[in-house]
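# Remarks on the overall topology
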Amino acid sequence: MSQETDAVGEAIAGELRLMDPGVRRTSQSLTRPLLDPHFVEVGASGRRWTYEEILAALPEMDGAAVDGPRYEPSDITGVLLAPGLVHLTYETTLGGARARRSSLWRRQEPDDGWRMYYHQATPVPPPDA
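Keep in mind the model is a prediction, meaning the values are calculated, not measured.

## Concerning the overall build of the chain
If you tally the helices and strands in the chain, you get four helices and six strands. The order of helices and strands in the chain, counted from the N terminus, is α-α-α-β-β-α-β-β-β-β. Here the chain has a C-alpha radius of gyration of 14 Å; the compact-globule value for 129 residues is 14 Å, and the two agree. Oriented by its inertia axes, the alpha-carbon framework of the chain measures out at about 45 × 30 × 25 Å. A total of 129 residues make up the chain; the buried ones form 36% of that total. Nonlocal contacts in the chain, meaning residues at least 24 apart in sequence, comprise 47% of its contacts between residues at least 6 apart.

Set out below in structure tokens:
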């Protein structure tokens, strides 16, 4: 595999782990290595989240309950923008609500793995809207 294919694959694997209810419920222990300390998110609600805010809130957010609705991702694609920087785009469905998503994953030296640096979700209106 090429460097780009490997990098994109690792970022996609991290993205999918962050959608796993088991990871979301135990955010302090499992998401810490997946989120960059400078992480910022602009959620589908329009709210801006910091690293500390998202770690505290993630266990109570949608998609965290084992018996609740789960994120259903589709059409995940990615590109290596520069060494150590991957951009992913995809859509999710959660409980009937759709969102288009974009995230930046970065890898810093010394090698500590790929971490999500930025995430944005934009709601997709229902077809009849």
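Continuing now.
## Side note on unusual backbone geometry
Although it is not a glycine, aspartate 75 adopts a positive phi angle of roughly 55 degrees. Tracing the backbone shows aspartate 75 in strand β3 (residues 72-82).

## Some points on the layout of surface pockets
One number sums up the size of the largest pocket: a volume of about 530 Å³. Forming the walls of the largest pocket are 28 residues, and the residues nearest its centre are Arg24, Glu41, Met61, Tyr71 and Arg101. If one sorts the elements of the lining of the largest pocket by residue count, strand β6 (residues 114-124) sits on top with five residues. Looking at the lining of the largest pocket residue by residue, the class counts come to 18 nonpolar, four polar and six charged.

## Considering the side chain of histidine 119
In this fold, histidine 119 is placed in strand β6. Of note is the side chain of histidine 119, whose polar atom sits 3.1 Å from the side chain of arginine 101. Ignoring sequence-local partners within four residues, the contact set of histidine 119 consists of Glu15, Phe39, Val40, Glu41, Val42, Tyr90, Arg101, Ser102 and Ser103.

## Re the packing of aromatic side chains
Using the criterion set out here, one finds zero aromatic pairs in the structure. One Lys or Arg, arginine 47, reaches over the ring of tryptophan 49 and ends 3.7 Å from the middle of that ring.

## Quick word on the pattern of salt bridges
Using the criterion set out here, one finds five salt bridges in the structure. Notably, a salt bridge pairs glutamate 53 with arginine 47, separated by 4.0 Å at the nearest N-O pair. In this structure glutamate 53 comes out as partly exposed when scored by relative accessible area, which is 32%. The exposure class of arginine 47 is partly exposed, given its relative accessible area of 39%. As a salt-bridge pair, arginine 98 and glutamate 91 come within 2.9 Å of each other at their nearest N and O atoms. We classify arginine 98 as partly exposed; its relative accessible area is 35%. When salt bridges that share partners are traced, they join Glu91, Arg98 and Arg100 into one network.

## So, the pairing of β3
Bridge count for β3 against strand β4 (residues 85-94) is eight bridges, and the pairing is antiparallel. Along β4, the bridge assignment pairs serine 74 with glutamate 91. Between the antiparallel neighbours β3 and β4 lie two residues, among them glycine 84 with a positive phi of about 85 degrees.

Conventions we followed
Residues numbered from 1 in each chain as written. Predicted model: local features only at pLDDT ≥ 70, side-chain atom pairs only at ≥ 80, totals over all residues. Heavy atoms only, no water. Helix = DSSP H or I, 4+ residues; strand = E, 2+ residues; numbered from the N terminus. Rg over C-alpha atoms; globule rule 2.2 N^0.38 Å. Buried < 20%, exposed > 50% of the residue type's maximum accessible area, 1.4 Å probe, protein only. Contact = heavy atoms within 4.5 Å. 1 Å grid on protein atoms, 1.4 Å probe; cavity = no way out; pocket = protein on both sides within 12 Å on 5 of 7 lines; lining within 4 Å. Points joined across faces, edges and corners; volume = space filled by probe spheres on them. Nonpolar A, V, L, I, M, F, W, Y, C, P; charged D, E, K, R; others polar. Polar contact = N/O pair within 3.5 Å; in protein donor to acceptor, adjacent residues only side chain to side chain. Phe/Tyr/Trp six-rings, centres within 6.5 Å; stacked < 30°, edge-to-face > 60°. Lys NZ or Arg CZ within 6 Å of the ring centre and 35° of its normal. Salt bridge = Lys/Arg side-chain N within 4 Å of Asp/Glu carboxyl O. Pairing = 2+ DSSP bridges.

Keep in mind that these numbers describe shape and distance, not what the molecule does.
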